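Single-letter residue listing:
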Amino acid sequence: MASIKDIAKACGVSVATVSKALNGHNDISQATKEKVREVARQLGYMPNSAARALKTNRTYNLGVLFVDEAQSGLTHEFFAAVLDSFKRHAEGRGYDITFINHNIGHSHSSYLEHCRYRGVDGVIAACVQFDDPEVVELAYSNLPLVTVDHVFNNRAAVISDNVDGIRQLVDQLTALGHERIAYIHGEQHSAVTQKRLVGFYRACAAHGITVPDEYVIAGTYRDAIGCAKATRQLLSLPQRPTAILFPDDFSAIGGVQAIREEGLLIPRDISVAGYDGNLISQVMSPQLTTYRQDTEAMGKAAAELLIEEIESPRTALPEQRLIAGSFARGESIDTPHR
């Protein structure tokens, strides 16, 4: 494999000049940079990551903490899309990705111990139990950290605007004349759920709607079977709702099936809406009305915030960046059937 010395000899410049050219230093002319890089390419030069780590005190490796309770892994459409965006933008800045877990060889380790073992420069935490003591330990360590849809004190975070997302869905339903709106939400302990519940009650109150307790049912994200059961519970009420909000697009599949099994038509007999804006919402029949979260912007923001904290620790602030989504009108809502 070619070395920096080989490149310097071929270009007729010093080793220091080659190093500066490859690292983009401003005290080297653009012509020299281009010549050095072209010769490096021709010679098949590849930088040594271990040597770069010694020189910069960074590994250019970012940890990803992704622990999905439902064991759906990277098939989780929302978080997979966020992490894909994060990965692309991080790689564009020269960083690699490592998934963080509990194992060092055959031994159990904490998340923080695994991060130190792998030598990651920083971590993005998404889809984890944020009150897990090991996650809290990581959050209060000196390792740069960005969380997705959760806020730790004095830590950077990327947050989808969950309050406004639910508000937009309720606003669209009330504009069609709906007053009996039910909401099947996700896990109670989730900060996302808490924000969406606040958004739901606020939006209903703004339209003069009092929500009966039986119209709000706790469920689980990405649980089509559980959502179907909760939907049947709503349909069995003496005065059933005219519209149902589901916790996410995937769960809505179960709710839609339960409605059909009752012999009801969507949206003639009952309107339904999901949340996330995943591909599945666009291929359902009828096409699902939903709130589309901006996963591309969320992943990009997470990469920017984490890399800024790594590369500029003295000037980086623990910013909490709120990312807006957009309402996606499908074919699953209409005026309530009288």
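First, a word on scope: everything that follows refers to the structure included in this document.

Conventions adopted
Residues numbered from 1 in each chain as written. Predicted model: local features only at pLDDT ≥ 70, side-chain atom pairs only at ≥ 80, totals over all residues. Heavy atoms only, no water. Pairing = 2+ DSSP bridges. Helix = DSSP H or I, 4+ residues; strand = E, 2+ residues; numbered from the N terminus. Axes fitted to C-alpha atoms, helices over the stretch in contact; angles between N-to-C directions. Contact = heavy atoms within 4.5 Å.

1. Quick word on the sheet that holds strand E9 (residues 216-218)
In step 1: What the four strands build is an open sheet, ordered E9-E8-E10-E11; its pairing is parallel. The outermost strands of the open sheet, each flanked by one partner alone, are E9 and strand E11 (271-273). The mean angle between the axes of side-by-side strands here comes to 15°, regardless of whether they run parallel or antiparallel.
In step 2: Bridge count for strand E8 (residues 181-185) against E9 is three bridges, and the pairing is parallel. Residue pairing across strands places His185 opposite Ala218, the latter belonging to E9.

2. Considering the sheet that holds strand E5 (residues 122-126)
In step 1: The strand order E2-E1-E5-E6-E7-E13 describes an open sheet built from six strands, whose pairing is parallel. The open sheet has two free edges, formed respectively by strand E2 (96-99) and strand E13 (320-323), since each of these has just one partner strand. Geometrically, the sheet is characterised by an average inter-axis angle of 20° between neighbouring strands, direction not taken into account.
In step 2: Pairing of strand E7 (residues 156-160) with E13, which is carried by four bridges, proceeds in the parallel orientation. Considered in E13, the bridge of Ile159 is made with Leu322.
In step 3: Packing against the sheet, helix H5 (residues 77-92) makes contact with strand E1 (61-66), E2, E5 and strand E6 (145-148), and its axis sits at approximately 175° to E1.
In step 4: Packing against the sheet, helix H13 (residues 295-311) makes contact with E1, E5, E6, E7 and E13, and its axis sits at approximately 175° to E7.

3. Quick word on unusual backbone geometry
In step 1: In this chain, Ile266 is followed by Pro267 through a cis amide linkage whose omega measures 5°.
In step 2: Examined against the element boundaries, Pro267 turns out to sit in the loop between helix H11 (249-261) and E11.
In step 3: Here the bond from Ser285 into Pro286 is cis, since omega is -5°, no more than 30 degrees from zero.
In step 4: The phi torsion at Asn154 lies on the positive side, around 60°, for a residue other than glycine.
In step 5: The backbone of Asp276 shows a phi angle near 125°, a positive value even though the residue is not glycine.
In step 6: Checked against the element boundaries, Asp276 lands in the loop between E11 and helix H12 (279-283).

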